[in-house]
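Residue-level listing of the chains:
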Amino acid sequence: MTDKYNVIFILGGPGAGKGTQCNKIVKEFGFVHLSAGDLLRAERNEPDSEFGEEIAQHIKNGSIVPVAITCSLLKREMKRSKENDDKDFFLIDGFPRNNDNLDGWNSEMSGLVNLKSVLVFDCPKKVCVDRCLERGKTSGRTDDNKTSLEKRIQTFTDSTMPVIEYYRRENLVNEVSAERPEDEVFEDVKRIIQKIQSENNS
Ligand code: ADP
Ligand code: C5P
Ligand code: MG
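In this text the structure is predicted, and so the values were computed from the model without any measurement.

(A) A look at the site of ligand 2. Every one of the 16 residues lining ligand 2 counts as a neighbour, but Arg 41, Ser 63, Val 65, Gly 94 and Arg 97 are closest to it. A distance of 3.0 Å separates an oxygen atom of ligand 2 from a polar side-chain atom of Arg 141. Separating an oxygen atom of ligand 2 from a side-chain N or O atom of Arg 152 is a distance of 3.5 Å. In isolation ligand 2 exposes 450 Å². Once the protein is present, 96% of that is buried. When atom positions are compared with the pocket grids, ligand 2 is found to occupy the largest pocket. Secondary structure elements with two or more residues in the shell around ligand 2: helix 2 (36-45) and helix 3 (52-61).

(B) Structural view of the site of ligand 1. Near ligand 1, the surroundings consist of 14 residues, among which Gly 15, Lys 18, Thr 20, Arg 135 and Arg 180 are the closest. Here an oxygen atom of ligand 1 sits 2.9 Å away from a polar atom, N or O, in the main chain of Gly 15. With respect to ligand 1, the backbone of Gly 19 contributes an N or O atom lying 3.0 Å from an oxygen atom. With respect to the detected pockets, ligand 1 is housed in the largest pocket. Elements that contribute at least two residues to the shell around ligand 1 include exactly helix 1 (18-29) and helix 6 (125-139). For the shell around ligand 1, the element with the highest residue contribution is helix 1, accounting for 3 residues. When grouped by side-chain class, the residues that make up the shell around ligand 1 number 4 nonpolar, 5 polar and 5 charged.

(C) Examining the side chain of Glu 43 more closely. By the element assignment, Glu 43 lies in helix 2. Arg 76 is the oppositely charged side chain nearest to the buried, salt-bridge-free Glu 43, at an N-O distance of 4.3 Å. Residue contacts for Glu 43: discarding those within four places in its chain leaves Ser 49, Phe 51, Ile 55, Leu 73 and Arg 76.

So, how was this worked out
- Residues numbered from 1 in each chain as written.
- Chains lettered and ligands numbered in written order.
- Predicted model: local features only at pLDDT ≥ 70, side-chain atom pairs only at ≥ 80, totals over all residues.
- Heavy atoms only, no water.
- Near = heavy atom within 4 Å.
- Polar contact = N/O pair within 3.5 Å; in protein donor to acceptor, adjacent residues only side chain to side chain.
- Areas by Shrake-Rupley, 256 points an atom, 1.4 Å probe, with all protein chains shown as cover.
- 1 Å grid on protein atoms, 1.4 Å probe; cavity = no way out; pocket = protein on both sides within 12 Å on 5 of 7 lines; lining within 4 Å.
- Sits in = over half its atoms within 2 Å of the grid points.
- Helix = DSSP H or I, 4+ residues; strand = E, 2+ residues; numbered from the N terminus.
- Nonpolar A, V, L, I, M, F, W, Y, C, P; charged D, E, K, R; others polar.
- Buried < 20%, exposed > 50% of the residue type's maximum accessible area, 1.4 Å probe, protein only.
- Lys, Arg positive; Asp, Glu negative; His and termini not counted.
- Salt bridge = Lys/Arg side-chain N within 4 Å of Asp/Glu carboxyl O.
- Contact = heavy atoms within 4.5 Å.

Below is the structure:
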C-alpha cells in the first residue's frame, strides 16, 4: 500500500456520459468524483475569483483553461478529501483535455499519484451533440448550444484525442462504448473497475 492518491481519468466527448457514469461509480464503489468542468464552473461563479472572466470565455468557446488553474482546483479538492474524509480514490472527469493539461499534471502531480486507468467513453459525435442539446434545455450551461458544441467537438478531436492516444500507448486506456442505454454502459464500467480494484489489492 502507498499513501499516494489513486486516480482514474474519465474522458470522452461532450455528452458522452462521463458525469452520469461517474455518479453510478460513486454509488457502487464510493470513490470521489471530481469533474474538472464542474470545478471550473464553480470557480467562474465565485465573485472574488481572479480567474472568473478567463474561465467563462474558455467555457463558452469550448477551449481549454490553462492547466495551472484547473490543476490547482483538482489538487485542492484531492487534498481536502484525503484530509477531511480519508478518501484517496478519485475519478477525475474531463481531464487531461489537451497537452497543456497533461504536461502540467505530470510535472505537478505525477509523483503524488497512482494513475490506475484512463476510462474513455466512446460515443459518435452526433449522439454527443444531441445529448448536450437536450441537456441544454434545463442545464443552464453557457456551452450546451449549437455554436459552442461545434467548438467543443473540434477541441475534443484536435486536442483530447491525442491525449487518449498517448495513454493508449502507455497501456492505460479502457474504452467503453457509450452509445447504449446508461445501465448497459455501466455493466461494462463495473467490470473494468472491479478488475482495477482486484489488481489494486493484489
Ligand atoms: P458528459 O459529462 O460526458 O458531458 P453527461 O453525463 O452530463 O455527459 O450526459 C449528457 C446528457 O446525456 C445528460 O442529459 C444525460 O442525462 C444524458 N445521458 C448520459 N448517458 C446517457 C446514455 N447512455 N443514453 C442516453 N442519454 C444519456
Ligand atoms: O467536462 P465539461 O463538459 O463539464 O467541460 C466544460 C468546459 O470546461 C470545457 O468545454 C472547457 O471549456 C472547460 N474545461 C477545461 N479544462 C478541463 C475541463 C473542462 O478548460 N480540463
Ligand atoms: Mg460532465
